[in-house]
Amino acid sequence: MVEIIPSILVKTREELIEKILAVEPHVDSVHLDIADGIFVPNVTILGFEEIGIVETSLAIGVHLMVSKPENHIVRWLKTPADRFVFHIEATQRPREIIDAVRETDKLVGIALNPQTPISRLEPLVDYIDFVHFMTVEPGFYGGKFIESVLDKISEFHYFYPDKPIQVDGGVNLETAPKLIKSGASKLVVGSYIWKSKDVKKAIEELKKEIKSLES
Ligand code: DX5
Ligand code: ZN
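Everything in this summary refers to the structure shown in the same document. (Residues numbered from 1 in each chain as written. Chains lettered and ligands numbered in written order. Predicted model: local features only at pLDDT ≥ 70, side-chain atom pairs only at ≥ 80, totals over all residues. Heavy atoms only, no water.)

### Some remarks on the nonpolar core
Of all hydrophobic cores here, the largest spans 64 residues; its most connected members are Phe 133 and Leu 187. For this core, the element with the most residues is helix α8 (residues 199–214), which contributes 5 residues. In contact with Leu 187, other than residues within four places in its own chain, are Val 2, Glu 3, Ile 4, Ile 5, Val 167, Val 171, Ala 176, Leu 179, Ile 180 and Ile 210. (Core = buried A, V, L, I, M, F, W, Y, C linked by side-chain atoms within 4.5 Å. Buried < 20%, exposed > 50% of the residue type's maximum accessible area, 1.4 Å probe, protein only. Helix = DSSP H or I, 4+ residues; strand = E, 2+ residues; numbered from the N terminus. Contact = heavy atoms within 4.5 Å.)

Printed below as a string of structure tokens:
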């Protein structure tokens, strides 16, 4: 079962609420992008305060595009978010982060930038709940989809067929089928949804495309 997860990359609490309300009737969870201006050249809301205030039935996953995520994870674990992704390129202390999350009932995944090899996952893969492949350079909506990541995803899926794969960046009606064929089961979707005139219709069309592959 492939899941569509709208991404929310915002600079204000108002935008956060607006986007959550727009997708709430159509999906089960959202992906909250957090950028610190250090690991990536963009800055978002801090997030951990804002999501405590927002009322929503949606599950919230958090994508930490921040340097030294080990310094952030403890306060995030106190929020209602139920899953966290950190970048392997951003930390020397991945086990500390993984262990902190695993002490709770929340989930943890590792993100790999487009150029980062899957060998970086090998010592850690048994300890994480899922892998998060960036299919654009991280930081912004609307990045260019990097086709070569498809081979990396297929290779990882071949070696670890049971490890769930989430993909993030440039997902649309054209790229979603390729990503699913490579092994992805969770599609994080930004511009395709937010640039459409009709959020509901955009999500429905993507769901239809996915269903046609599954049948
Ligand atoms: C970008 C973020 C993504 C982004 C996806 O670095 O991590 O989650 O919001 O947006 P699109 O789908 O526009 O590439
Ligand atoms: Zn993201």
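What follows picks up the thread again.
### Describing the pairing of strand β4 (residues 83–87)
Along any regular strand the residues' side chains alternate between the sheet's two faces. With 4 of 5 residues buried, β4 is to be regarded as a mostly interior element. Inspection of the sheet shows strand β3 (residues 59–65) paired to β4 by 4 bridges, in the parallel sense. Bridge assignment links His 63 to a residue of β4, and that residue is Val 85. Direction of pairing for β4 relative to strand β5 (residues 107–112): parallel, over a ladder of 5 bridges. In the sheet register, Phe 84 faces β5, and the bridge partner there is Val 108. (Pairing = 2+ DSSP bridges.)

### Quick word on the pattern of salt bridges
A complete count under the given rule lists 7 salt bridges for this structure. Salt-bridge contacts for Glu 204 lead to Lys 200; the nearest nitrogen and oxygen are separated by 3.9 Å. Note that Glu 204 and Lys 200 are positioned in helix α8 at a spacing of 4 residues, about one turn of the helix. The exposure class of Glu 204 is partly exposed, given its relative accessible area of 43%. (Salt bridge = Lys/Arg side-chain N within 4 Å of Asp/Glu carboxyl O.)

### Notes on the site of ligand 1
Near ligand 1 there are 19 residues, and of these Ser 7, Gly 139, Gly 142, Asp 168 and Ser 191 occur at the shortest range. A distance of 3.4 Å is found between an oxygen atom of ligand 1 and a side-chain nitrogen or oxygen belonging to His 31. Surface burial for ligand 1 is 99%, taken as the share of its 380 Å² of free accessible area covered by protein chains. Put simply, the parts of the chain that give the shell around ligand 1 at least two residues each are β2 (29–35), β3 and β8 (186–189). Taken together, the residues that form the shell around ligand 1 break down as 8 nonpolar, 9 polar and 2 charged. (Near = heavy atom within 4 Å. Polar contact = N/O pair within 3.5 Å; in protein donor to acceptor, adjacent residues only side chain to side chain. Areas by Shrake-Rupley, 256 points an atom, 1.4 Å probe, with all protein chains shown as cover. Nonpolar A, V, L, I, M, F, W, Y, C, P; charged D, E, K, R; others polar.)

### As for the environment of Phe 48
Structurally, Phe 48 can be placed in the loop between β2 and α2 (50–53). Here the alpha-carbon distance between Phe 48 and Lys 78, two residues 30 residues apart in the chain, equals 8.5 Å. Each residue touching Phe 48, except ones within four places of it in the same chain, is listed here: Arg 75, Trp 76 and Thr 79.

### A look at the side chain of Lys 163
In this structure, Lys 163 sits in the loop between α5 (149–159) and β7 (165–168). Buried charge without a partner: Lys 163 forms no salt bridge, and the closest opposite charge is Asp 126, 5.5 Å away. A distance of 2.6 Å separates the side chain of Lys 163 from the backbone oxygen of Ile 128, its partner in a polar contact. With residues near it in sequence (within four places) discarded, Lys 163 still touches Val 125, Asp 126, Ile 128, Asp 129, Phe 130, Val 131 and Phe 156. (Lys, Arg positive; Asp, Glu negative; His and termini not counted.)

### Some remarks on the pairing of β3
Taken across its 7 residues, β3 has 6 buried, putting it largely inside the fold. Bridge count for β2 against β3 is 7 bridges, and the pairing is parallel. Paired with His 31 across the strands is Gly 61, a residue of β3.

### Looking at the packing of α5 against helix α6 (residues 175–182)
Between α5 and α6, whose axes approach to 8 Å, the crossing angle comes to 25°. Classified by the angle their axes make, α5 and α6 are roughly parallel. For the pair α5 and α6, the contacting residues are Leu 150, Ile 153, Ser 154 and His 157 in the first and Lys 178, Leu 179 and Ser 182 in the second. Split into classes, the residues belonging to the contact of α5 with α6 amount to 3 nonpolar, 3 polar and 1 charged. (Axes fitted to C-alpha atoms, helices over the stretch in contact; angles between N-to-C directions. Parallel < 35°, antiparallel > 145°, perpendicular 65-115°, else oblique.)

No statement about biological role is implied by the geometric values presented.
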